[in-house]
Amino acid sequence: MLTDFISYLIFGNHCKYCGELIKFGEALCNECKTDLPRITGEKCKYCGAGKDRCTCKNAKMKYDGISAPFYYEKTIEKSIRKYKFADKQYIAKVLAEDTAEAVKNDFKDINFDFIDFIPFSKNQDKKRKYNPAGEIAKEMSKILGIPVKNVLTKPFETETQHISSAFYRQGNVAGAYDVSENADLHGKTVLLVDDIKTTGSTLNECVRVLKIAGAEKVYCAVVALTAKEKSKKDKEKP
Ligand SMILES: [Zn+2]
Ligand SMILES: [Zn+2]
């Protein structure tokens, strides 16, 4: 405790999600305490959103299931942006804890052979200090006791995803991913990790590639996913 207090005097105490300075002995700032956009209630097995916010109309995806603890908004959006673009690598730990917890709840009866994550291309690797999905996968591996094997590769560059439309994205990622030559995927059950799911086209493409290479089942886990607020029209439908 004394060393904690000394460290507090020197470095201050920071909220584990957003890094804001907070009082000694607290773990979260007030905003993160009250504003964490957790996905609650029954979840849609196709898009991972809560049934109260699902608008996917049961659109079939290539994965066998998806799990996420948060919506990509409010404090979690801020937190992930800091983690990805401001080199706050330590945030991986708390994001991985929540994501691992969601996996434990949503995929209770599934025995995973290994965890894989969405890879960077060589160019991305050179530009960035770390792969956000990779760091979260490593932390999740420690918590869940499942090894990480990065068999997915990205031999081709794609344009930055957040600026392209959903339609364009599907074409944009098609053929961008592959698996390493010596990967043994036959009959394996894989947990595929990424930080954010928006349209799901990247996950879908990676699952497709893993399954072509022999994977039996692929489940996805992401820290956060986007879900539009339901329009009035959506709400009226059963
Ligand atoms: Zn905070
Ligand atoms: Zn849905």
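Scope of this entry: the structure provided in the associated data block. (Residues numbered from 1 in each chain as written. Chains lettered and ligands numbered in written order. Predicted model: local features only at pLDDT ≥ 70, side-chain atom pairs only at ≥ 80, totals over all residues. Heavy atoms only, no water.)

Broken down by element type, the chain carries nine helices and nine strands. Buried residues in the chain amount to 46% of all 238 residues. For the chain, long-range pairs separated by at least 24 residues make up 70% of all intrachain contacts whose partners lie at least 6 apart in sequence. As displayed, the chain offers around 13,300 Å² of accessible surface, 51% of which is attributable to carbon and sulfur atoms. (Helix = DSSP H or I, 4+ residues; strand = E, 2+ residues; numbered from the N terminus. Buried < 20%, exposed > 50% of the residue type's maximum accessible area, 1.4 Å probe, protein only. Contact = heavy atoms within 4.5 Å. Areas by Shrake-Rupley, 256 points an atom, 1.4 Å probe, with all protein chains shown as cover.)

In a perfect tetrahedron of four donors around a metal, the angles come out at 109.5 degrees. In a perfect octahedron of six, they are 90 or 180 degrees. Around the zinc ion (ligand 1), the protein contributes the donor atoms Cys15 (SG), Cys18 (SG), Cys29 (SG) and Cys32 (SG), at 2.3 to 2.4 Å from the metal centre. What the four donor atoms of the zinc ion (ligand 1) show is an angle range of 103 to 117° at the metal, which sorts the shape as tetrahedral. Read in sequence order, the donor residues for the zinc ion (ligand 1) give the motif C-x2-C-x10-C-x2-C. For the residue pair Cys15 and Cys18, the accessibility class agrees, reading buried in each case. (Donors = N, O, S within 2.8 Å, 3.2 Å for Na, K, Ca; no water. Tetrahedral: all angles 85-135°; square planar, octahedral: opposite > 155°, others 65-115°.)

A surface patch of nonpolar side chains, amounting to about 750 Å² of accessible area, comprises Leu2, Phe5, Ile6, Leu9, Ile10, Phe11 and Phe24. Relative to the helices and strands, Phe11 resides in helix H1 (residues 2-11). With a relative accessible area of 60%, Phe11 lands in the exposed category. (Patch = residues over 30% accessible without salt bridge, like charges linked within 9 Å, V, L, I, M, F, W, Y side chains within 5 Å. Salt bridge = Lys/Arg side-chain N within 4 Å of Asp/Glu carboxyl O.)

The subject of this paragraph is helix H3 (residues 74-85). Taking 1.5 Å as the rise per residue, H3 with 12 residues should run 16 Å; its terminal C-alpha atoms sit 17 Å apart, in good agreement. By the burial criterion, the buried members of H3 are Thr75, Ile76, Ser79, Ile80, Tyr83 and Lys84. On an axial view of H3, the arc spanned by its buried residues comes to 160°, and they lie on one face. One or two positions beyond H3, positive phi appears at Asp87, with a value near 55°. (Expected span 1.5 Å × (residues − 1). Arc of directions from axis to C-beta.)

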